[in-house]
Amino acid sequence: MLSEYLYAKIHRATVSEANLDYIGSITIDSVLIDKVGIKENQKVEILNINNGERFSTYVIRGQANSGIICLNGAAARKVQVKDKIIIVAYALMTPEEADSFKAKIAHVDENNKLINI
């Protein structure tokens, strides 16, 4: 049987932009997604620490080392610039796979620069 398990997380990122006039998604600095193994177009969940919103969207690769965390389209209504969010990706695994899998968790600073994995 397959179940969903944590695959990757970017913890306490700061929303740098919210762009309502876009089709939808979240743009994330490519350095961060590469470090945790999230791929462009992958589904992620966004957990807004400031207001409790939880929603899903997909990833757009942002410019490397830009610190960009931009919610686009309808998702822009669920955040404010400077909100703290958690970006989470899950993977389907068997219990045996999950026992030996270690999720990659990135901690970032106020400018969304990588502190550690």
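These lines cover the structure that appears in this document, whether it is placed above or below. Computed from a prediction, not measured in an experiment: that's the story for all the values here. (Residues numbered from 1 in each chain as written. Predicted model: local features only at pLDDT ≥ 70, side-chain atom pairs only at ≥ 80, totals over all residues. Heavy atoms only, no water.)

1. A short note on a nonpolar patch on the surface
Together, Tyr22, Ile23 and Tyr58 make up an exposed nonpolar region whose accessible area comes to about 340 Å². Looking at the secondary structure, you find tyrosine 22 in the loop between β2 (17–19) and β3 (25–29). (Patch = residues over 30% accessible without salt bridge, like charges linked within 9 Å, V, L, I, M, F, W, Y side chains within 5 Å. Areas by Shrake-Rupley, 256 points an atom, 1.4 Å probe, with all protein chains shown as cover. Salt bridge = Lys/Arg side-chain N within 4 Å of Asp/Glu carboxyl O. Helix = DSSP H or I, 4+ residues; strand = E, 2+ residues; numbered from the N terminus.)

2. With respect to the pattern of salt bridges
Two side chains that carry opposite charge are able to pair once their charged atoms sit near each other. All chains considered together, the criterion is met by three salt bridges. The closest approach of N and O atoms between aspartate 34 and arginine 61, which form a salt bridge, is 2.6 Å. Here aspartate 34 is found in helix α1 (residues 30–36), whereas its partner arginine 61 is found in strand β5 (residues 54–62), with 27 residues between them in sequence. We note a salt bridge from lysine 78 to glutamate 53, for which the minimum N-O separation is 3.2 Å. You can see lysine 78 sitting in the loop between β6 (69–72) and β7 (84–93) and its partner glutamate 53 sitting in the loop between β4 (43–48) and β5, a full 25 residues away along the chain. Relative accessible area serves as the criterion here: at 31%, lysine 78 is assigned to the partly exposed category. (Buried < 20%, exposed > 50% of the residue type's maximum accessible area, 1.4 Å probe, protein only.)

3. Some thoughts on the nonpolar core
Ranked by internal contacts, the top residues of the largest apolar core, which has 23 residues, are Ile10, Ile26, Ile28, Leu71, Ile85 and Ile87. Contacts of isoleucine 85, omitting those with residues within four sequence positions, involve Ile10, His11, Arg12, Ala13, Val15, Ile26, Ile46, Leu47, Asn48, Ile49, Ile69 and Leu71. (Core = buried A, V, L, I, M, F, W, Y, C linked by side-chain atoms within 4.5 Å. Contact = heavy atoms within 4.5 Å.)

4. With respect to the environment of glutamate 17
You can see glutamate 17 is positioned in strand β2. Given the relative accessible area of 38%, glutamate 17 is considered partly exposed. The spacing of glutamate 17 and alanine 98 is 81 residues in sequence and 35 Å in space, taken between C-alpha atoms. Apart from the residues within four sequence positions on either side, glutamate 17 is in contact with Ile68, Ile69, Cys70, Leu71 and Val81.

5. Some words on unusual backbone geometry
With a phi close to 60°, arginine 12 is a non-glycine residue in the positive phi region. A positive phi angle, close to 75°, is found at asparagine 41, a residue other than glycine. For asparagine 41, the location among the structural elements is in the loop between α1 and β4.

6. Focus: the pairing of β4
The pairing of β4 with β5 spans five bridges and is classified as antiparallel. Looking at β5, one finds that leucine 47 is bridged to arginine 54. Linkage of β4 to β5, two consecutive antiparallel strands, is achieved through a turn of five residues, within which glycine 52 is found at a positive phi near 80°. (Pairing = 2+ DSSP bridges.)

That is the geometry; function is a separate question.
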